[in-house]
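# Residue-level structural notes
So you can see what is in the structure, the chains are spelled out below.
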Amino acid sequence: MAQATLTILPETLGTISPLLHGHFAEHLGRCCYDGLWVGTDSPIPNRGGFRTDLLTALREVGIPILRWPGGCFADTYHWRDGIGPRASRPRSLAESCGLRVVEDNQLGTHEFIHLCREIGAEPYLAGNVGSGSPQEMMDWIHYCNGSLDTTLARERAANGHPEPMNVRYWGVGNENWGCGGNYEATDYAKEFRRYATFLKMADPSVELIACGHSDRTWNLRVVETLRNHSGYLDHLSVHRYYSAGRATVFTDEEYYQLMRAGELVEEDIRYTDEILRFFMAGRRQVGIAFDEWGVWHPEARGEVNYEEPSTQRDAVSAAGVLDTFQRWCARVSMANMAQIVNVLQCLAQTDGEKMWVTPTYHVFRLYRAHRGAQALRVEVETPTVDAQPLSGYRAGLLPLITASASRREGSVAVTLTNRHRTEAMEVKIVLRDGRFGAGALETVAAPAEAVNSAEQPDNVTLRSQPLAAAGDSLTLALPPCSVQTLVVEA
Ligand code: AHR
């Protein structure tokens, strides 16, 4: 069996914000309607219109932050359509990613806030820049958060929410370099500045997310234009989607290509960080909000509502991305995988009354152990494989083991991924400044093309086992194509 060594160093990288494990729900295909929302009259068991099986699953994995209502949909959405008695809400034209459908506005602001409270998520609302106005977005903030006795606050109370909703995170548009209005970077930056001036007047405590890009020139021009108004810029968003081969049919070469996702995302973070450091030096620290990421397979097209099979390969590649976010926890302020249910690399899928979770869901469960803990630097000596570039990024050797470690009072959590498609790997884990006590190990391991389904909801699932106290190192045999977290007293 091939061997690797993981050394956990007594060097803290920062606190792993729970927001790094966030999600995204767009009015696109069957994500919001059918996925999350079935309506209060549905025969599918629900709480306040949201399907209860999914609520239970989401509570269990923990959803630290949820971005809504888009995506591209955000720049066509008018929030007033989604408040008031549901029976009298308008039937509007919804547009996102080329899909044009009727939006009956049954899931609006109050329903979304109710969902967030049900699952313990921080709400993140994406505002409309492309077809909206600063006044419209300012009113939305005021409607949600206003504490003075204004007409908008009274209207919120009349609609069932007397207390302010305290929504802290607000996106100022979405992908405004494309679907959000086809802006030039400097034009968007000026528009952002105009919006932000008034949005921070509506509520100075909100945190604004400006639209960034996986194109460095856009980020450079936006941040450069905003450098003298840095007080408005709390976060800069970056989106990254990738694919290699098809969802369930892929060669070894394509399998390893997809494993580059963590490196690809790291490159996006690195150059965005450089730009922010350069222009914001001595001004303020702006967070990188990686608020859309994940696998977008060629199968996920408009005709099938952007749905795709969600395999163990996708889940294992997501672990590399989560390791990257945790390593960069001092700079990445949030991350939201796209999307929470049914669309793209989701946590769960539904078919009528049936609901099942994906292998990616189980990987997110494994990373729960790190939330709020101190990230520790790790060194990995690992076998490698020659892998092709992903989205044009980097050919060459790909490490077969990736890892994250964190410490909290009395314990250490370590997540290890064996990216070898077919072979197990023996890993010696060394703790530099302590001794491993007793603990537990949870593993998700399966063939790369394995999926869960309505018929086989637990085809890929978590296995747990206790770990005996081990001293200053312990050795584990990691199954092929697997992710595992051990939490041990230390
Ligand atoms: O997540 C699907 C779409 O991908 C979003 O609407 C958009 O922001 C991105 O291009």
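Throughout, residues of each chain are indexed from 1 in the direction in which the sequence is written. For a predicted model such as this one, the threshold for reporting local features is a pLDDT of at least 70, and the threshold for listing and counting side-chain atom pairs is 80 or more; totals across whole chains, interfaces and linings nevertheless cover every residue. For the side-chain quantities, the full set of heavy atoms in the structure was used; hydrogens and water were omitted.

## Looking at the overall build of the protein chain
By the criteria applied, helices consist of DSSP H or I runs no shorter than four residues and strands consist of E runs no shorter than two, each listed in order from the N terminus. Across its full length, the protein chain holds ten helices and 25 strands. For the protein chain, the C-alpha atoms occupy an extent of roughly 65 × 55 × 40 Å along the three principal directions. Expressed as a percentage of its 490 residues, the buried residues of the protein chain come to 60%. We call two residues contacting when some pair of their heavy atoms lies within 4.5 Å. Contacts spanning at least 24 positions in sequence make up 77% of the contacts within the protein chain whose residues lie at least 6 apart. Split by element, the accessible area of the protein chain, about 18,200 Å² in all, is 48% carbon and sulfur. Note on charges: Lys and Arg go in the positive column, Asp and Glu in the negative column, and His and the chain ends are not counted at all. In plain terms, the charge of a residue is placed at NZ if it is Lys, CZ if Arg, CG if Asp and CD if Glu. Looking at the protein chain, you have 46 positive and 60 negative side-chain charges, and the mean spots of the two groups are 4 Å apart. Between buried and exposed lies partly exposed: a residue is buried under 20% and exposed over 50% of the maximum accessible area for its type, with that area taken using a 1.4 Å probe on protein chains only. Note on areas: these come from Shrake-Rupley sampling with a 1.4 Å probe, and a residue is covered only by the protein chains present in the view.

## Structural notes on the domain arrangement of the protein chain
By the assigned domains, the protein chain splits into domain 1 (2-9 + 375-489) and domain 2 (17-370). The domain limits used here are those given by an automatic or database domain assignment. Computed over C-alpha atoms only, the centres of domain 1 and domain 2 are separated by 29 Å. Facing 51 residues of domain 1, the contacting portion of domain 2 comprises 46 residues. Buried area: the sum, over both parts, of the accessible surface (1.4 Å probe) that disappears when the two are put together. Taken over both partners, the interface formed by domain 1 and domain 2 buries close to 3,700 Å², and the fraction arising from carbon and sulfur atoms is 59%. Three residues, Leu390, Tyr393 and Arg421, lead the burial of domain 1 against domain 2; their summed loss comes to 19% of the area buried on that side. Definition used for salt bridges: Asp or Glu carboxyl oxygen within 4 Å of a side-chain nitrogen of Lys or Arg. Scanning the region where domain 1 abuts domain 2 turns up two salt bridges. Two residues, Asp252 and Arg421, come together in a salt bridge whose shortest N-O distance is 2.9 Å. Throughout this description, a polar contact denotes any pair of N or O atoms lying within 3.5 Å of each other; where both atoms belong to protein, one of them has to be capable of donating a hydrogen while the other can accept it, and for residues adjacent in sequence the pair is counted only when both atoms sit in side chains. The interface formed by domain 1 and domain 2 includes 25 residue pairs in polar contact (both at pLDDT 80 or more). For the side of domain 1 that touches domain 2, the secondary structure elements donating two or more residues are strand 17 (384-387), strand 18 (396-399), strand 19 (401-408), strand 20 (411-418), strand 22 (439-445) and strand 25 (482-489). Broken down by class, the residue content of the side of domain 1 that touches domain 2 amounts to 29 nonpolar, 16 polar and six charged. Each residue is assigned to one of three groups, with Ala, Val, Leu, Ile, Met, Phe, Trp, Tyr, Cys and Pro labelled nonpolar, Asp, Glu, Lys and Arg labelled charged, and all others, Gly among them, labelled polar.

## Here's the deal with the packing of aromatic side chains
Paired rings are identified among Phe, Tyr and Trp, the last through its six-membered ring, by centres lying within 6.5 Å, and are further divided according to the angle between planes into stacked (under 30 degrees), edge-to-face (over 60) and tilted (the rest). With the rule as written, the count across this model stands at 20 aromatic pairs. Ring geometry for Trp79 and Trp140: centres 6.5 Å apart, planes at 5°, overall stacked. Of the two residues, Trp79 is situated in the loop between strand 5 (65-68) and strand 6 (92-96) and Trp140 in helix 3 (residues 134-145); the sequence distance between them amounts to 61 residues. On the basis of relative accessibility, which here comes to 2%, the residue Trp79 falls in the buried class. For Trp140, a relative accessible area of 3% gives the class buried. Relative to Tyr255, the ring of Phe250 lies with its centre 6.4 Å away and its plane at 25°, an arrangement referred to as stacked. Residue classification places Tyr255 among the buried residues on the basis of a relative accessible area of 0%. An aromatic cluster of at least three residues, connected via ring pairs, comprises Trp68, Phe73, Tyr77, Trp79, Phe112, Trp140, Tyr143 and Trp170. A ring is considered to have a charge above it if a Lys NZ or an Arg CZ atom is located within 6 Å of its centre and within 35 degrees of its normal. Across the ring face of Phe250, the terminal group of Arg313 is positioned such that the distance to the ring centre comes to 3.8 Å.

## Observations regarding the layout of surface pockets
One water molecule sets the probe size; rolling that probe over the atoms shows where empty space is left. Computed over the protein atoms alone on a 1 Å grid, cavities are sets of points where a 1.4 Å probe fits but cannot get out and pockets are open sets with protein on both sides within 12 Å along at least five of seven lines; a residue lines them when it has an atom within 4 Å of a point. Grid points are joined across faces, edges and corners, and a volume is the space filled by probe spheres set on the points. Of the volumes computed, that of the largest pocket is approximately 430 Å³. Lining the largest pocket are 27 residues, and of these Glu266, Asp323, Arg327, Thr402 and Ala403 lie nearest its centre. Here the element with the most residues in the lining of the largest pocket is strand 16 (residues 374-381); it accounts for six residues. Here the residues of the lining of the largest pocket are counted per class, giving ten nonpolar, seven polar and ten charged. Two domains each donate at least three residues to the lining of the largest pocket, and these are domain 1 (2-9 + 375-489) and domain 2 (17-370).

## Some thoughts on the nonpolar core
Most often, soluble globular proteins keep nonpolar side chains buried together rather than apart. To define a nonpolar core, start from buried Ala, Val, Leu, Ile, Met, Phe, Trp, Tyr and Cys residues and group those joined through side-chain atoms within 4.5 Å. Within the largest apolar cluster, 150 residues are counted, with the highest numbers of intra-cluster contacts made by Trp293, Phe325 and Leu416. Counting residues per element, this core draws most heavily on helix 8 (residues 261-280), at nine residues. Shared between two domains, this core takes at least three residues from each, and those domains are domain 1 (2-9 + 375-489) and domain 2 (17-370). Dropping the residues within four chain positions of it, Phe325 is found in contact with Leu20, Val265, Ile269, Phe290, Trp293, Val332 and Ala335. Judged by nonpolar contacts, the second largest core, of seven residues, contains Leu19, Ile65, Ala289 and Met334.

## Quick notes on the state of the cysteines
A pair of cysteine sulfur atoms is labelled a disulfide when the two atoms are within 2.5 Å. Under the criterion given, the structure shown has one disulfide. The disulfide bridge from Cys72 ends at Cys179, spanning 2.2 Å between sulfur atoms. Because the sign of the S-S torsion sets the handedness, a value of about -85° for the bond joining Cys72 and Cys179 places this disulfide among the left-handed ones. Of the two residues, Cys72 sits in the loop between strand 5 and strand 6 while Cys179 sits in the loop between strand 9 (169-172) and helix 5 (185-202), which places them 107 residues apart along the sequence. Classification of Cys72 by relative accessible area gives buried; the value is 11%.

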